[in-house]
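Here are the chains, one letter per residue:
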Amino acid sequence: MSLKGKAYIAGIYEHPTRLATDKSLAMIHAEVAKGALEDAGLTKDDVDGYFCAGDAPGLGPMSMVEYMGLKPKHFDSTDSGGSSYIVHVGHALEAIAAGKCKVALITLAGRPRAEGMATGTVPRSRGGTPAPDEPFEFPYGPTVVNMYAMCAMRHMHQYGTTSEQLAWIKVAASHHAQHNPHALLRDVVTVEDVVGSPMIADPLHRLDCCVITDGGGAIVVVAPEVAKSLKRPKVKVIGHGEWIKTQMGGKVDLTYSGAVRSGPAAFAEAGVKPSDIKYVSIYDSFTITVLMQLEDLGFAEKGQGGKLVADGNLIAGTGKLPFNTDGGGLCSNHPGNRGGLTKVLEAVRQLRGEAHPKVQVKNCDLALAHGTGGSLGSRHGSSTVILERE
Amino acid sequence: MTAQAKERKLPAPSVSPETKEYWDAAAQGRLLVRKCTACGEAHHYPRTICPFCFSDKTEWITASGRGTLYSYSVMRRAPVPYAMAYVTLAEGPTMMTNIVDCDFDKLRIGQDVKLVFKPTEGGPPLPMFTPA
C-alpha cells in the first residue's frame, strides 16, 4: 500500500545555537519542540505522537514526554544514528495513515561541543553490554573519520574518484553557508583550501569533515485534515524508504551505501524519479558521504559521482543539482553528531520558498532528504524521504 | 614523506562464551574463521548461527593467514598514527584489522598481506596484518 500524501510536514524549527554551554539537553529538546509547534500554528496539547532517538536524555520518550508535559498516544524511539529523524518522518507517516495519531512531533538535540567531545577522531565504545561486533572492531581503533575514509579510499581505487572532486562538495556547501547567519563556518573555501588542509585519516582532510556543533531541531508531521486547517504552506510527504547496510557477514563492500535500497523504495512510493527532483538535502558527515549517497540515490551512475559533484554542480543558482543550501553539516551545524533532522528542515524551507533568497531554488516543488546514520564503513541506517509542495 | 608504523597500546577485546575459542586460538597464534557446514560459507565476525542460511551447523576452521588489502586509512590525527584496514582472507570473509610493521605510505589496495598478532593490555592478542 502506498502512503503517498497521507501526511504533511506542518512545522519545523532549527535551534540557532552552535554552542550550548548554557543549556541542558532536555531544555534544547523543549525549545525546538516549542519552535516547531509555533511554526505550524499548533500547541503542545495538539501533539498525540512523539518521536525521538538516542540523543534524548534518560529513557528517551518516557523522559522527554514527562519533561515537556506531552500526552502522546503513540511514540517511537527508533535509533539509527543520524538518519533516525528521516526514519521518524516515515514512521510518522505510517502512524498517521494508520490512524494512530494526527500530530507527530519529532525532536533532536545535542551538545557535543559544550561537552568537549572528540567526535570523529577517538574510537568510541558504547559501554554496557558490548555489541557483538565490538570485540572484533573497537580494539583496532575505528573512529568515525577513518571508517568513512576507508570508503573514500576504496572508491578512489575502484572508480578513480579524486580528492579534488570530493573537495568540490565542501566548496559548494561553503558557498551556501555564507548566506546562513547561524552557520558555524561562513567563509567560502576553494578546492585548494580543502586539499591543502591537514590530513586527518587518508584520504580525508580536515575540510572534508563536517563541523562539530551543539543545537537541535524539530519537525511536526500532521494528518491531511490538520494540514488543511493550518495557515502554513503545505509540504506533503510522498515517499519514504529505510534500510540497514551491514558488513554482510564478511562480504564487505564499501563502494555503496544503504541508499541503494532506501532510495528506490522512496522513489517508487512517490512515483517520481531522480531527474524530477529540484533540490536535495544529502547527509554530509564527510564529503565522501555525499558522493556515495548521490550515486546510490540514482543522481549519477555508480562510480561517476565525482563528475556530478565537481565544477560547482551542487551550488544553488549555477549548478545542476543544488544541495544543502543551508551549508549543511559540512559548514552550518551537525547537532549532537546527528545530521538527518536538519536535512529535512532545509528541504521544507526550499519547498515553502523560505530558504535564503540567494540560495532559494526557483519553482522548487519536489525535494528529497536523505540520511546515513552510524558508520558508512561498517553498519549504518539509511533513510530517504521525498517531499512535495502542494 | 614516510610514515613508519610504531607500536601503540591496544585495548583488550571483551571475550564472550560465543567467542572464547577464537580468542584462545589467538593467544596460540592462530586465526579462526567460523564456517557453516550447511551452506559452506565462512563468515566474520564469528557467530554460532550462520548469518547466511541461519543453520546452527557452524564450526571453526584455522585461517591460512594469507589475505589481500581491501581498503585502508592511515589515522594521522592520533597520538600514534595507525592504519585501519579491511583485509579479505584467503578463506573468503573480509575482516576489520590494522596493518602494522610497515611504511604506511607504501600501502596499496590489493596488495598481499600476512597474519601477525599484537599484544593487548591484559587480554588476548589481536590478529593484524603486514605486507607479505
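Up top is the structure these notes are about.
Notes on the structure follow. Keep in mind the model is a prediction, meaning the values are calculated, not measured.

Rules used throughout
Residues numbered from 1 in each chain as written. Chains lettered and ligands numbered in written order. Predicted model: local features only at pLDDT ≥ 70, side-chain atom pairs only at ≥ 80, totals over all residues. Pairing = 2+ DSSP bridges. Helix = DSSP H or I, 4+ residues; strand = E, 2+ residues; numbered from the N terminus. Axes fitted to C-alpha atoms, helices over the stretch in contact; angles between N-to-C directions. Parallel < 35°, antiparallel > 145°, perpendicular 65-115°, else oblique. Left-handed = near helix turned anticlockwise from the far one by under 90°. Contact = placed C-beta atoms within 7 Å. Nonpolar A, V, L, I, M, F, W, Y, C, P; charged D, E, K, R; others polar.

Some remarks on the sheet that holds strand β1 (residues 32–36) of chain B
All names here are of chain B. Across the sheet, 3 strands lie side by side as β2-β1-β3; this open sheet has antiparallel pairing. At either end of the open sheet lies a strand with only one pairing partner, and these are β2 (42–43) and β3 (58–62). As judged from the 5 bridges shared by β1 and β3, these two strands associate in the antiparallel manner. Following the sheet pairing, C36 is matched in β3 by T58.

Let's talk about the packing of helix α4 (residues 144–159) of chain A against helix α9 (residues 287–296) of chain A
All names here are of chain A. At a minimum axis distance of 9 Å, the contact between α4 and α9 shows a crossing angle of 55°. Relative to α9, α4 is oriented oblique. The way α4 lies across α9 gives a crossing that is left-handed. Contacts between α4 and α9 pair Y148, C151, A152 and H155 from the former with I288, T289 and M292 from the latter. In the contact of α4 with α9, the residues fall into 5 nonpolar, 2 polar and no charged.

With respect to the sheet that holds strand β9 (residues 279–282) of chain A
Residue and element names in this part refer to chain A. The strand order across the open sheet built from 9 strands is β3-β2-β4-β7-β1-β8-β11-β10-β9, with neighbouring strands paired in mixed fashion. Edge strands, defined here as strands with exactly one partner in the open sheet, are β3 (74–76) and β9. Strand-to-strand twist of the sheet, defined as the mean angle between neighbouring strand axes without regard to direction, takes the value 20°. As paired strands, strand β1 (residues 7–14) and strand β8 (residues 235–245) are joined by 3 bridges and run antiparallel to one another. From the neighbouring strand, Y8 faces β8, where its bridge partner is K236. Packing of helix α12 (residues 340–352) onto the sheet brings it into contact with β1, β4 (103–110), β7 (215–222), β8, β9, β10 (366–374) and β11 (380–389), and relative to β10 it is tilted by some 175°.

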